[in-house]
Amino acid sequence: NAGVTQTPKFQVLKTGQSMTLQCAQDMNHNSMYWYRQDPGMGLRLIYYSASEGTTDKGEVPNGYNVSRLNKREFSLRLESAAPSQTSVYFCASSLGQAGETQYFGPGTRLLVL
Amino acid sequence: EDQVTQSPEALRLQEGESSSLNCSYTVSGLRGLFWYRQDPGKGPEFLFTLYSAGEEKEKERLKATLTKKESFLHITAPKPEDSATYLCALRRGGAQKLVFGQGTRLTINP
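Residues numbered from 1 in each chain as written. Chains lettered and ligands numbered in written order. Predicted model: local features only at pLDDT ≥ 70, side-chain atom pairs only at ≥ 80, totals over all residues. Heavy atoms only, no water.

Undergrad: Kindly report on the overall build of chain B, identifying the contributing residues and their values.
TA: Summing up its helical and strand segments, chain B has zero helices and 11 strands in all. What you see in chain B, going N to C, is helices and strands ordered as β-β-β-β-β-β-β-β-β-β-β. For chain B, whose C-alpha radius of gyration is 13 Å, the value lies close to the compact-globule estimate of 13 Å for 110 residues. The dimensions of chain B, computed from C-alpha atoms along their principal axes, are 45 × 30 × 20 Å. Out of the 110 residues belonging to chain B, those deemed buried represent 44%. (Helix = DSSP H or I, 4+ residues; strand = E, 2+ residues; numbered from the N terminus. Rg over C-alpha atoms; globule rule 2.2 N^0.38 Å. Buried < 20%, exposed > 50% of the residue type's maximum accessible area, 1.4 Å probe, protein only.)

Here it is in structure tokens:
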């Protein structure tokens with residue numbers, strides 16, 4: 001049981017480049033989330049998916065898109081990366097309805113130059 | 001607006017020196033108060049969920065308590081391996097997301 005996995009672990013991008021962060025969970029959870037964590041700002045919700053086929057904006061969605069590919073996978077896409085998107089990105093999942101106890105992945109460290 | 005404030009920002013203790021971390025919150029209709037542990041370079045690890053005032057939960061040297069305005073994470077006789085950042089989060093009734101505090105960075109010196 002791997003829990004929540006994320007790829008890649010680390011990425012360097014140039015301003016304007018695009019990339020997709022991948023997340024998968026093997027706990028048969030219904031809800032999945034994407035957060036960013038910045039020094040002094042704490043964890044901030046970018047997007048979440050309460051169930052397969054649905055996605056909703058969180059606190060800081062601008063500049064990002066998401067896809068709930070199936071029940072296991074939830075990807076985060078940066079279409080045109082900006083230095084302000086330099087951060088650590090965490091994926092999480094929860095069993096039932098969104099907002100219940102969440103289990104986090106190991107994170108992706110993204111540097112945008 | 002839902003708010004979570006954790007104090008202190010950082011805390012240094014000697015091994016065996018017990019203390020408490022504070023999480024103050026304002027919310028209309030609490031549906032869960034969560035504690036997580038985060039080690040450097042890793043994702044948050046779930047510790048406890050508390051649902052109502054007066055509730056307590058324990059795990060090894062950690063005990064979490066909840067009142068109507070605050071939650072405390074008590075650490076008894078800590079060891080160096082307890083060093084981490086501890087995060088508090090809440091869920092409001094009807095909301096589909098958690099609101100996180102900024103964390104307390106705990107260092108236990110041997």
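Read on for the rest.
Undergrad: Describe the sheet that holds strand S1 (residues 4-7) of chain A, naming the residues involved and giving the relevant values.
TA: All names here are of chain A. Pairing is antiparallel in the open sheet, where four strands are placed in the order S1-S3-S8-S7. Only two strands of the sheet have a single neighbouring strand rather than two, namely S1 and strand S7 (64-68). Neighbour-to-neighbour, the strand axes of the sheet open up by a mean angle of 20°, direction not taken into account. Here strand S3 (residues 19-25) runs beside strand S8 (residues 74-78); their pairing, made up of three bridges, is antiparallel. Bridging across to S8, Leu21 finds its partner in Leu76. (Pairing = 2+ DSSP bridges. Axes fitted to C-alpha atoms, helices over the stretch in contact; angles between N-to-C directions.)

Undergrad: Could you give me a rundown of the interface of chain B and chain A, with the residues and numbers involved?
TA: Each partner contributes residues to the interface: chain B has 18 residues there, and chain A has 22 residues. Where chain B abuts chain A, roughly 1,500 Å² becomes buried across the two surfaces, and 53% of that area is made up of carbon and sulfur atoms. At the boundary of chain B and chain A, one finds zero salt bridges. On inspection of chain B and its partner chain A, the count reaches four residue pairs in polar contact (both at pLDDT 80 or more). (Contact = heavy atoms within 4.5 Å. Buried area = accessible area lost by both parts, 1.4 Å probe. Salt bridge = Lys/Arg side-chain N within 4 Å of Asp/Glu carboxyl O. Polar contact = N/O pair within 3.5 Å; in protein donor to acceptor, adjacent residues only side chain to side chain.)

Undergrad: Could you give me a rundown of the nonpolar core, with the residues and numbers involved?
TA: Ranked by size, the top nonpolar core spans 23 residues in total, and within it Leu33(B), Trp35(B), Leu73(B) and Tyr86(B) carry the most contacts. Broken down by secondary-structure element, the contributors of at least two residues to this core are strand S2 (10-14), strand S3 (19-26), strand S4 (30-38), strand S5 (45-50), strand S7 (62-66), strand S8 (70-75), strand S9 (84-92) and strand S11 (104-109) of chain B. With four residues, S9(B) is the largest single contributor of residues to this core. Non-local contacts of Leu73(B), meaning those with residues more than four positions away in its chain, are made with Ser19(B), Ser20(B), Leu21(B), Trp35(B), Phe48(B), Leu62(B), Lys63(B), Ala64(B) and Tyr86(B). Listed in part, the 20 residues of the second largest apolar core include Ile46(A), Val60(A), Leu76(A) and Tyr89(A). (Core = buried A, V, L, I, M, F, W, Y, C linked by side-chain atoms within 4.5 Å.)

Undergrad: With reference to specific residues and values, describe unusual backbone geometry.
TA: In this model, Thr7(A) is joined to Pro8(A) through a cis peptide bond whose omega is -5°. In the segment running from Ser7(B) into Pro8(B), the intervening peptide bond is cis, with an omega of -10°. Checked against the element boundaries, Pro8(B) lands in the loop between strand S1 (3-7) and S2.

Undergrad: Account for the pairing of S5(B), with residues named and values stated.
TA: All names here are of chain B. Bridge analysis of S4 against S5 gives five bridges, and the strand direction is antiparallel. Each residue of the ladder has a partner; that of Trp35, found in S5, is Phe48. Hairpin connection of S4 to S5: six residues between the antiparallel strands, including Gly41 at a positive phi of 75°.

Undergrad: A description of a nonpolar patch on the surface should follow, citing residues and the corresponding values.
TA: Taken together, the side chains of Phe10(A), Val12(A), Leu111(A) and Leu113(A) make up a nonpolar region of the molecular surface, amounting to roughly 370 Å² of accessible area. Inspection of the secondary structure puts Phe10(A) in strand S2 (residues 10-13). (Patch = residues over 30% accessible without salt bridge, like charges linked within 9 Å, V, L, I, M, F, W, Y side chains within 5 Å. Areas by Shrake-Rupley, 256 points an atom, 1.4 Å probe, with all protein chains shown as cover.)

Undergrad: Describe the environment of Leu11(B), and please don't skip the residues or the numbers.
TA: All names here are of chain B. Relative to the elements of secondary structure, Leu11 occurs in strand S2. Assessed through its relative accessible area of 17%, Leu11 is described here as buried. Taking the C-alpha atoms as reference, Leu11 lies 9.7 Å from Ser83; in sequence the two are 72 residues apart. Ignoring sequence-local partners within four residues, the contact set of Leu11 consists of Ser19, Leu21, Arg105, Leu106 and Thr107.

Shape descriptors only; they carry no functional weight alone.
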